[in-house]
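Chain residues, written in single-letter form:
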Amino acid sequence: MAGTWSGGGSVMLDDGSSERIRCRATYHVAGPRMTMSLTCASDSYKFNLAADVQAEGNAVSGSWSESSRNVSGSIEGRGGGGNFQVLASGPGFNANISLQTRGNKQSVTIRADSQFRGANISLTK
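Below is a summary of the structure that appears in this document.

What counts and how
Residues numbered from 1 in each chain as written. Predicted model: local features only at pLDDT ≥ 70, side-chain atom pairs only at ≥ 80, totals over all residues. Heavy atoms only, no water. Salt bridge = Lys/Arg side-chain N within 4 Å of Asp/Glu carboxyl O. Helix = DSSP H or I, 4+ residues; strand = E, 2+ residues; numbered from the N terminus. Buried < 20%, exposed > 50% of the residue type's maximum accessible area, 1.4 Å probe, protein only. Polar contact = N/O pair within 3.5 Å; in protein donor to acceptor, adjacent residues only side chain to side chain.

Topic: the pattern of salt bridges
- The final tally for this structure, using the stated rule, is two salt bridges.
- One salt bridge in this structure joins Asp-52 and Arg-33, with 2.4 Å as the shortest N-O distance. Of this pair, Asp-52 sits in strand S4 (residues 46–56) while Arg-33 is found in strand S3 (residues 33–41), placing the two residues 19 residues apart along the sequence.
- Here Asp-52 falls in the partly exposed class, since its relative accessible area comes to 25%.
- Across the pair Arg-69 and Glu-66 runs a salt bridge whose closest N-O atoms are separated by 3.4 Å.

See below:
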């Protein structure tokens, strides 16, 4: 997973609209710890997600932040081998995040309960 990935997908907003987005992700892995930076943008929407997680067995926990909206919180879930299912939560925000990596292809699915309803992203290395 370590390295830089890029691609695109779509973001769904609370008004029911969706927009095409372009994304770039960077992962740094050091033993059981991983930091991630994911930036996605469309013509009218942008988010900058950062996460710092630690694995202990199959359990994953850590913190996340989104700089353009100045929100942050915790991450808890399960994962390993490039596949993760986590819940990112913070004040007024909860999102289920699924990340699957197969070789040089990665898919990220986010489902949230806020103005940002979710995203489907496909990345390649």
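Regarding the side chain of Thr-101
- Among the structural elements, Thr-101 can be located in strand S8 (residues 93–102).
- In this structure Thr-101 comes out as buried when scored by relative accessible area, which is 12%.
- In terms of polar contacts, Thr-101 uses its side chain to reach the side chain of Gln-106, at 3.0 Å.

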